[in-house]
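Chains, contacts and geometry: an overview
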Amino acid sequence: MPSRLAEAFRDHPVDLHQNHLDFNSAREVPDSYAWPPLGDETLGDYKYGVESVPIIDLSDPVNSVKEQMGRACETWGVFQITNHGIPMSLLEKVQAEGRRLFSLPAQQKLKAARSPDGISGYGVARISSFFPKLMWSEGFTIVGSPAEHARQLWPQDYSKFCEVMEEYEKEMKVLAGRLTLLMLGSLGITKEDIKWAGPRGEFKDACAALQLNSYPACPDPKRAMGLAAHTDSTLLTVLYQNSTSGLQVLRGGKWITVPPITGALVVNVGDLLHILSNGRYTSVLHRAVVNRTYHRLSVAYLYGPPMNVQISPLSKLVNPRNPPLYRPVTWSEYLGTKAKHFNKALSSVRLCAPLNGFVDVNDHNRVKVG
Ligand SMILES: C=C1C[C@]23C[C@@]1(O)CC[C@H]2[C@@]12CCC[C@@](C)(C(=O)O1)[C@H]2[C@@H]3C(=O)O
Ligand SMILES: O=C(O)CCC(=O)C(=O)O
Ligand SMILES: [Fe+2]
């Protein structure tokens, strides 16, 4: 059983088509990238505030923050945070380095291509193998130090990229640990209830991946898909999106845009927090769409437990009326399951149907993804 995140896909290699279209010179969407048209009837009314993703100010009193997060996690599975303590200057540096990477010539980027059984490096989204059409995006995944791949991209000049990404990973690790305790706090869970949190709740051994996503402007955005609908296999994901919108979450059968707010970060519940909370918090189905005019960049911090820790419904949340809904699973095993079963991964670790009759939003058999 692999013990490091970088080894999670050793037993699940995917050889993805890495022969990229040159997005910047494309005048039309080739058939291999043409998805069934995105219908306006599936879009929600976020602009008018009827349905908008909650925004939580982390400088509010802590009990209020916990309560707001609990409500957001139960109803939306996603929220935005402000006053989170990550300096704007760092967010700008990460974005600038991401742009520098994606603007390299295709042949140069391919020198840092992710290997079929690897986790880090340049390439198309891992979930691409589940779809008949290609996505209008490219990505770069970092686990720990990006030095090995950065050296292949810029043999003489890779230290700036590494410094910025490592500083961001450090800041994100602290923020993600704090968010985990706040999000679980409203369910009455404390750091003492999570052994792997460590004595001071510092989550020292937590694992994470940093995913840079690039979505070039697209000549026919209604027929293209930036990143197809999915849930993250994480405890939680912290996403920075630049000022161009594109992220959408599924709520009540409608796709709701998560509007970019300068300096804010988007936090979404992942499958492992869904399991830990015994289905009280819902890992939200989300996707990224593209637009005709602007290049969009996003940076996702995919946060999870130490690789070999068994994640199962927390005992405080389980009783005869609420039996455990999921069997124990490690992050490593779950990533392998996701690589094999994609949107059926969560149901594949489910033990029984809920007694209280609530519907598992993650039963994506009910939802047409894409
Ligand atoms: C730790 C990880 C989660 C992730 C697969 C990865 O190994 C690194 C990239 C992550 C990502 C980002 C885009 C969507 C996603 C489904 C994918 O294909 O790669 C997620 C994966 C996930 O959460 O399962
Ligand atoms: O680009 C986005 O807004 C979404 C990215 C995402 O869902 C991911 O990296 O997992
Ligand atoms: Fe995601």
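Residues numbered from 1 in each chain as written. Chains lettered and ligands numbered in written order. Predicted model: local features only at pLDDT ≥ 70, side-chain atom pairs only at ≥ 80, totals over all residues. Heavy atoms only, no water.

Comments concerning the environment of Ile81
Our working definition: Per the convention used, a helix needs a DSSP run of H or I reaching at least four residues, while a strand needs a run of E reaching at least two, with both numbered from the N terminus. Residues are treated as being in contact if the distance between any of their heavy atoms lies within 4.5 Å.
You can see Ile81 is positioned in strand E2 (residues 78–82). Separated by 185 residues in the primary sequence, Ile81 and Val266 place their C-alpha atoms 6.4 Å from one another. Here Ile81 is in contact with Ile56, Leu58, Met69, Leu175, Leu179, Ala264, Leu265 and Val267, once residues within four sequence places are set aside.

Looking at the UniProt feature "domain: Fe2OG dioxygenase" (unreviewed entry) in the protein
Formally: UniProt positions are given in the numbering used here, feature names are shortened, and annotations may be inferred rather than shown by experiment.
This chain's UniProt record puts "domain: Fe2OG dioxygenase" (unreviewed entry) on residues 205–305. Here residues 205–305 runs as 6% helix and 45% strand, with 7 Å between its end C-alpha atoms.

Here's the deal with the site of ligand 2
Just so we agree on the cut-off: When we say a residue is near a molecule or strand, we mean one of its heavy atoms is within 4 Å of it. N or O atoms closer than or at 3.5 Å make up a polar contact, with two conditions inside protein: a donor-capable atom paired with an acceptor-capable one, and, for residues adjacent in sequence, both atoms drawn from side chains. Values of accessible area rely on a 1.4 Å probe in the Shrake-Rupley scheme; residue burial ignores everything except the protein chains shown. Side-chain classes are defined by residue name, with Ala, Val, Leu, Ile, Met, Phe, Trp, Tyr, Cys and Pro counting as nonpolar, Asp, Glu, Lys and Arg as charged, and the others, Gly among them, as polar.
Taken together, Gln211, Asn213, Tyr215, Leu227, His230, Asp232, Leu239, Leu247, His286, Arg296, Ser298 and Ala300 make up the full set of residues near ligand 2. One nitrogen or oxygen atom from the side chain of Asn213 is found 3.0 Å from an oxygen atom belonging to ligand 2. Here His230 contributes a side-chain N or O atom positioned 3.2 Å from an oxygen atom of ligand 2. Computed on the free molecule, ligand 2 has an accessible area of 300 Å², of which 95% lies beneath the protein chains in the complex. Among the secondary structure elements, those contributing two or more residues to the shell around ligand 2 are strand E5 (207–215), strand E6 (227–230) and strand E12 (296–304). Looking at the shell around ligand 2 residue by residue, the class counts come to five nonpolar, five polar and two charged.

Quick notes on the coordination of the iron ion (ligand 3)
Rules: Here a donor is any nitrogen, oxygen or sulfur atom (N, O, S) within 2.8 Å of the metal, with 3.2 Å used for Na, K and Ca; water is not among the atoms considered, so some sites may look incomplete. Here's how the labels work: a residue is buried when its accessible area is under 20% of the maximum for its type, exposed when over 50%, partly exposed in between, all with a 1.4 Å probe on protein chains only.
Donor atoms from the polypeptide that bind the iron ion (ligand 3) are His230 (NE2), Asp232 (OD) and His286 (NE2), placed at 2.1 to 2.2 Å. Read from N- to C-terminus, the donor residues coordinating the iron ion (ligand 3) fall into the pattern H-x1-D-x53-H. The pair formed by His230 and Asp232 is uniform in burial state, with each residue classed as buried.

A few points about the sheet that holds strand E1 (residues 55–57)
Going by this rule: DSSP-based pairing: two strands are paired if at least 2 bridges between them are found. Only C-alpha atoms enter the line fits that serve as axes; for helices the fit covers just the stretch in contact. Angles between N-to-C directions range over 0 to 180 degrees.
Pairing is mixed in the open sheet, where eight strands are placed in the order E1-E2-E10-E7-E12-E5-E4-E3. Edge positions in the sheet fall to E1 and strand E3 (121–123), since each has one partner strand and no second. Going from strand to strand, the sheet's axes swing by 25° on average, the running direction of each strand aside. With four bridges connecting them, E2 and strand E10 (residues 265–269) associate as antiparallel partners. Paired with Phe79 across the strands is Val267, a residue of E10. In this fold helix H1 (residues 62–75) packs onto E1, E2 and E10, with an angle of close to 165° to the strand it touches most, E1.

Brief notes about the sheet that holds strand E9 (residues 254–257)
Within the open sheet, the four strands sit side by side as E6-E11-E8-E9. Their pairing is antiparallel. Bordering the open sheet on either side are E6 and E9, each of which pairs with just one other strand. In this sheet, neighbouring strand axes are inclined to one another by 25° on average, regardless of whether the strands run parallel or antiparallel. Bridging between strand E8 (residues 247–251) and strand E11 (residues 286–288) involves three bridges; their strand directions are antiparallel. Bridge pairing in E11 places Leu247 opposite Ala288.

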